Protein chains: 2
Amino acid sequence: MFRLSKAAEYAIRGVLHLSFKAEGETCGIDEIAKAQGVPPAYLAKLFQSLARKGFVRSFRGVEGGFILTKRPKDITLLEIIEAMEGRICLNDCLIYAGYCPKDDVCPVHPVWKEAHKRFVDYLKGCTFEEMANASKVKAMRTKEKISA
Amino acid sequence: MFRLSKAAEYAIRGVLHLSFKAEGETCGIDEIAKAQGVPPAYLAKLFQSLARKGFVRSFRGVEGGFILTKRPKDITLLEIIEAMEGRICLNDCLIYAGYCPKDDVCPVHPVWKEAHKRFVDYLKGCTFEEMANASKVKAMRTKEKISA
DNA sequence: TTAAAATAGGATAAAAAAGGTCTTAAATGT
DNA sequence: ACATTTAAGACCTTTTTTATCCTATTTTAA
Ligand code: SF4
Ligand code: SF4
């Protein structure tokens, strides 16, 4: 059932939120959760996981929170998705060669291989910088409209 | 968690199996299930569903079974997948415009839209005829190797 | 009329997804 | 030192989805 999990969706929103912050500026779970409309307790858990995997760094205590460990242009959508869901695998036979006993003769197998490659390549090409900028552009356009 | 369900996987194997049959030749569930290595009772239910949706026609009684209602070249991978899993929807915001309240300003939304389009287009381009032929070619090559 | 074969539908068991709670640990300002 | 703030960790519940199995019923050719 090719659908993004909420976990990944929320993590993406969170990382996107951090992408707008100045470098070094921490941001707490509650702010992110509120701004992005996400259950705080759940998001906290997701960010723990992101921290363990090195995508964000956490600071406890007063003025604590999270920062990105890399610049938005060096973080791809694919990375965050795979951090939350594990490696993308469109069909079981892509787990490893030979997982499905027929994969060497099955005419559907190469189709999944190619679909996987295309899907992953596209997601790999999407950086958070691009997305953050697209968002700024949209916000600016809206402003133009209002002032015009 | 972008993964094909067993239901769809089995249905694909089933339709592929029928693609090798002569037009009008019926084929029972047991034969398909055995040949494709699929639980017969489960496959039976899946084929009922395919029949209701018009992809196959069923014949009861002795010498009964299933035939395709269209020629393999007119059946795409996408159709069978969507018959079993419903419309492909990579992220909830693609269900309909406005489903996610942010979809008009969200910079991730267009990414999913494009990813969906690419994915669906690729799957739509894969017909069972192509796949069946690819399989024949492979079988022939294997024969050549053996006889050589 | 009997045996083969699909139909209809429920039962269900296991797994994954989605979310919450509560306690502990670390940082910081006073 | 201490209170406050905030993340970390561990555990738990509920819901949804997936993948089956099962049994009774209908249909049809021989
Ligand atoms: S597509 Fe072919 S190889 Fe992949 S799981 Fe299905 S049968 Fe096996
Ligand atoms: S990607 Fe953007 S629009 Fe789609 S669900 Fe997430 S937030 Fe909403």
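For the structure itself, consult the block above.
Attention in this report is confined to the structure presented alongside it. What you see is a predicted model, and the numbers here were worked out from it, not measured in a lab. Here the residue numbers are simple positions, counted from 1 along each chain's written sequence. Each chain gets a letter, beginning with A, and each ligand a number, beginning with 1, in the order they are written. At least 70 in pLDDT is required for a residue's local features to be given in this predicted model, at least 80 for side-chain atom pairs to be given and counted, and no such filter applies to totals for whole chains, interfaces and linings, which use all residues. Excluded from the side-chain calculation are hydrogens and water; included are all heavy atoms of the structure.

Regarding the packing of helix α1 (residues 6-19) of chain A against helix α3 (residues 40-52) of chain A
All names here are of chain A. Two elements in contact, α1 and α3, have axes separated by 10 Å at closest approach and are oriented at 75 degrees. What the angle tells us is that α1 and α3 run roughly perpendicular. Contact residues: α1 offers Ala7, Tyr10, Ala11, Gly14, Val15 and Leu18, while α3 offers Tyr42, Leu43, Leu46, Phe47 and Leu50. Axis definition: a line fit to C-alpha positions, over the contact stretch in the case of helices; interaxial angles, taken between N-to-C directions, run 0 to 180 degrees. Think of it this way: any DSSP run of H or I at least four residues long counts as a helix, any run of E at least two long counts as a strand, and we number them from the N terminus. For classification, angles of less than 35 degrees are called roughly parallel, those exceeding 145 degrees roughly antiparallel, those between 65 and 115 degrees roughly perpendicular, and all remaining angles oblique. Any pair of residues with heavy atoms lying within 4.5 Å of one another is described as a contacting pair.

Digging into the pattern of salt bridges
Opposite charge on two side chains makes pairing possible when the charged atoms of those side chains draw close. Salt bridges are counted wherever a side-chain nitrogen of Lys or Arg sits within 4 Å of a carboxyl oxygen of Asp or Glu. A full pass over the atoms with the stated rule returns 20 salt bridges over all chains. With a closest N to O distance of 2.7 Å, Asp92 of chain A and Arg3 of chain B form a salt bridge. Separated into two different chains, Asp92 of chain A in the loop between α4 (77-85) and α5 (109-124) and Arg3 of chain B in the segment before α1 (6-19) make up a pair that spans both. Relative accessible area serves as the criterion here: at 14%, Asp92 of chain A is assigned to the buried category. A salt bridge links Lys6 of chain B to Asp92 of chain A; the shortest N-O distance between them is 2.7 Å. One end of the pair, Lys6 of chain B, is in helix α1; the other, Asp92 of chain A, is in the loop between α4 and α5, on a second chain. Here the term buried applies to any residue with accessible area under 20% of the maximum for its type, exposed to any over 50%, and partly exposed to those in between, with areas from a 1.4 Å probe on protein chains only.

Brief notes about the interface of chain B and chain A
Listed as interface residues are 40 residues of chain B and, on the opposing side, 40 residues of chain A. Accessible surface is computed with a 1.4 Å probe, and the buried area is the amount of it that two parts give up when combined, taken over both parts together. Between chain B and chain A the total buried area reaches about 3,500 Å² when both faces are included, carbon and sulfur atoms providing 63% of it. Applying the counting criterion to the chain B and chain A interface returns four salt bridges. Definition of a polar contact: a pair of N or O atoms within 3.5 Å, with one able to donate and the other able to accept a hydrogen when the atoms are protein atoms, and with sequence-neighbouring residues admitted only if both atoms are side-chain atoms. Counting every contact that joins chain B to chain A gives 14 residue pairs in polar contact (both at pLDDT 80 or more). Contributions of two or more residues to the side of chain B that touches chain A are made by α1, α2 (29-36), α4 (77-85), α5 (109-124) and α6 (128-147) of chain B. Per-class residue counts for the side of chain B that touches chain A are 25 nonpolar, four polar and eleven charged. Here the nonpolar group is Ala, Val, Leu, Ile, Met, Phe, Trp, Tyr, Cys and Pro; Asp, Glu, Lys and Arg are the charged ones; every other residue, Gly included, is treated as polar.

Structural notes on the packing of aromatic side chains
A pair of Phe, Tyr and Trp rings is counted when the ring centres sit within 6.5 Å of each other, with Trp represented by its six-membered ring. The angle between the planes then sorts it: under 30 degrees is stacked, over 60 is edge-to-face, the rest tilted. Counted by the stated rule, this structure contains eleven aromatic pairs over all chains. Taking 5.2 Å as the distance between ring centres and 75 degrees as the angle between the ring planes, the aromatic pair formed by Phe119 of chain A and Phe2 of chain B counts as edge-to-face. With Phe119 of chain A in helix α5 and Phe2 of chain B in the segment before α1, the pair connects residues from two separate chains. Summarising the burial analysis for this pair, Phe119 of chain A and Phe2 of chain B share the class buried. Seen from their ring centres, Phe47 of chain B and Phe66 of chain B are 5.0 Å apart, and the 65 degrees between their planes marks the pair as edge-to-face. Of this pair, Phe47 of chain B sits in helix α3 (residues 40-52) while Phe66 of chain B is found in strand β2 (residues 65-68), placing the two residues 19 residues apart along the sequence. For Phe47 of chain B, a relative accessible area of 0% puts it in the buried group. Among the aromatic residues, ring-to-ring pairing joins Phe2, Trp112 and Phe119 of chain A together with Phe2, Trp112 and Phe119 of chain B into one connected group.

A look at the protein's contact with DNA strand C
As a structural note, the neighbourhood of DNA strand C is formed by 24 residues, with Lys6 and Lys45 of chain A together with Ile29, Lys45 and Ser58 of chain B the closest of them. Nearness of a residue to a molecule or strand requires only that one of the residue's heavy atoms be within 4 Å of it. By atom count, sugar and phosphate contribute 58% of the portion of DNA strand C lying within 4 Å of the protein. Contact between DNA strand C and Lys6 of chain A: a phosphate oxygen at 3.0 Å from a main-chain N or O atom of the residue. Residue assignment for the surface near DNA strand C shows that the elements contributing at least two residues are α1 and α3 of chain A together with α3, β1 (56-59) and β2 of chain B.

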